Amino acid sequence: MEEKEISQAVVARLPRYFRYLGELKEQEVERISSGDLSVLMGVTASQIRQDLNHFGGFGQQGYGYNVDYLYHEIGRILGLDGEYRLIIVGTGNLGQALANYMNFEKRGFVVKGLFDISEGLVGKKLRGLEIMHINRMEQFIKEHKIDIAVLTVPKERAIETAEMLVHCGVKAILNFAHVDLNVPDGVQVENVHLSDSLMKLSYNIKRYEKNVRGNVSGVRKEG
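Criteria and thresholds
Residues numbered from 1 in each chain as written. Predicted model: local features only at pLDDT ≥ 70, side-chain atom pairs only at ≥ 80, totals over all residues. Heavy atoms only, no water. Helix = DSSP H or I, 4+ residues; strand = E, 2+ residues; numbered from the N terminus. Rg over C-alpha atoms; globule rule 2.2 N^0.38 Å. Buried < 20%, exposed > 50% of the residue type's maximum accessible area, 1.4 Å probe, protein only. Contact = heavy atoms within 4.5 Å. Areas by Shrake-Rupley, 256 points an atom, 1.4 Å probe, with all protein chains shown as cover. Lys, Arg positive; Asp, Glu negative; His and termini not counted. Charge placed at Lys NZ, Arg CZ, Asp CG, Glu CD. Pairing = 2+ DSSP bridges. Axes fitted to C-alpha atoms, helices over the stretch in contact; angles between N-to-C directions. Core = buried A, V, L, I, M, F, W, Y, C linked by side-chain atoms within 4.5 Å. Patch = residues over 30% accessible without salt bridge, like charges linked within 9 Å, V, L, I, M, F, W, Y side chains within 5 Å. Salt bridge = Lys/Arg side-chain N within 4 Å of Asp/Glu carboxyl O. 1 Å grid on protein atoms, 1.4 Å probe; cavity = no way out; pocket = protein on both sides within 12 Å on 5 of 7 lines; lining within 4 Å. Points joined across faces, edges and corners; volume = space filled by probe spheres on them. Nonpolar A, V, L, I, M, F, W, Y, C, P; charged D, E, K, R; others polar. Expected span 1.5 Å × (residues − 1).

## Quick notes on the overall build of the protein chain
Working step 1: Within the protein chain, the secondary structure is distributed over 9 helices and 9 strands.
Working step 2: Its C-alpha atoms give the protein chain a radius of gyration of 22 Å, clearly above 17 Å, the size a compact globule of 223 residues would have.
Working step 3: Across the 223 residues in the protein chain, those meeting the buried criterion constitute 35%.
Working step 4: Across the protein chain, contacts joining residues at least 24 apart in sequence account for 55% of those joining residues at least 6 apart.
Working step 5: Of the accessible surface of the protein chain, which amounts to about 14,400 Å², a share of 50% is contributed by carbon and sulfur atoms.
Working step 6: The centroid of the 28 positive side-chain charges in the protein chain is displaced by 6 Å from the centroid of its 29 negative side-chain charges.

The following block contains the structure:
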């Protein structure tokens, strides 16, 4: 039976459900209703039910969700019941911060290798891993069966490096370079543009301030 296509909007919300359920588990909460979960997450209860119904629902009318069960089921849906081997390509400030991010391992993403071209970085160690020159990357990927590459190289090197990663058999790229990557079907790419997020914040600040000014002006006119 062919699996039905799930919209990327739904998929994008799953990690957030997983994170909130993990926090509830730590608080030893056993059950939660869609209504209570909606208050915590700031989304509607109907949205939560619709999202989870794509995967079987998991809840029961008047009974709510079993937090531990739902947490593990969403983890399974996200593929977190396995282990993924990853490398970080580019070990400047951002690459080093990501290499030191402990939640990678907690979620099953194990950092196996670090790569750069800078003579000032190659040979140094981060969390017990030696930073290797990028010319050793192809052999390393094949020997260690790397699944995911985290790309934090400058924009002008990103496309060439991504092509090398695809050629080596990497299945997915988490791309922090300021350029969108076009890769063959079967290779997954998540583009993370930090400046885009800042511009969204800027837009929302401006819209909020405009609404506040409008409301204040309206109140004054009524007076």
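## A few points about the sheet that holds strand S5 (residues 125-126)
Working step 1: Sheet architecture is open: 7 strands sit in the order S5-S6-S4-S3-S7-S8-S9, paired in mixed fashion. Looking at strand neighbours, the two that pair on one side only are S5 and strand S9 (188-191), the edges of this open sheet.
Working step 2: By the bridge criterion, 2 bridges tie S5 to strand S6 (residues 129-133) in an arrangement that is antiparallel. In the strand pairing of S6, Lys125 is matched with Glu130.
Working step 3: Across the sheet, helix H7 (residues 137-144) lies against strand S3 (84-89), strand S4 (109-116) and S6, angled at about 170° from S3, the strand it touches most.
Working step 4: Relative to the sheet, helix H8 (residues 155-168) contacts S3, strand S7 (148-151) and strand S8 (172-175), its axis offset from that of S7 by approximately 170°.

## Things to note about the nonpolar core
A general trend in soluble globular proteins is that nonpolar side chains are found buried together.
Working step 1: Judged by nonpolar contacts, the single largest core of 21 residues is most densely connected at Ile87, Val89, Met137, Ile141, Leu151 and Leu165.
Working step 2: Elements that contribute at least two residues to this core include exactly S3, H7, S7 and H8.
Working step 3: Ignoring any residue separated from it by four or fewer positions in sequence, one finds Met137 in contact with Ile87, Val89, Phe115, Thr161, Met164 and Leu165.
Working step 4: With 17 residues, the next largest nonpolar core counts Tyr17, Phe18, Leu21 and Tyr71 among its residues.

## Section: a nonpolar patch on the surface
Working step 1: On the surface, a nonpolar cluster with roughly 310 Å² of combined accessible area is contributed by Leu198, Leu201 and Ile205.
Working step 2: Looking at where Leu201 falls in the secondary structure, it is placed in helix H9 (residues 194-222).
Working step 3: For Leu201, a relative accessible area of 51% puts it in the exposed group.

## Quick notes on the layout of surface pockets
The gaps of empty space that remain are located by a probe, the size of a water molecule, rolled over the atoms.
Working step 1: Considering only enclosed or pocket space, the largest pocket measures out at about 1,900 Å³ in volume.
Working step 2: If you go around the largest pocket, you meet 38 residues; those closest to its centre are Val11, Pro15, Leu78, Phe109 and Glu190.
Working step 3: For the lining of the largest pocket, the elements supplying multiple residues, two or more each, are helix H1 (8-26), helix H4 (67-77), S3, helix H6 (103-106), S7, S8 and S9.
Working step 4: When residues of the lining of the largest pocket are assigned to their parent elements, the largest contribution, 8 residues, is made by H1.
Working step 5: For the lining of the largest pocket, the per-class residue count stands at 23 nonpolar, 5 polar and 10 charged.

## Section: H1
Working step 1: For H1, with 19 residues, the first-to-last C-alpha span of 28 Å sits near the 27 Å given by 1.5 Å per residue.
Working step 2: What H1 keeps buried is the set Val10, Leu14, Tyr17, Phe18, Tyr20, Leu21, Gly22 and Leu24.
Working step 3: Those residues of H1 that are buried are in contact with strand S1 (31-32), helix H2 (34-41), helix H3 (45-53) and H4.
Working step 4: Backbone geometry just after H1 places Glu28 at a positive phi near 60°.

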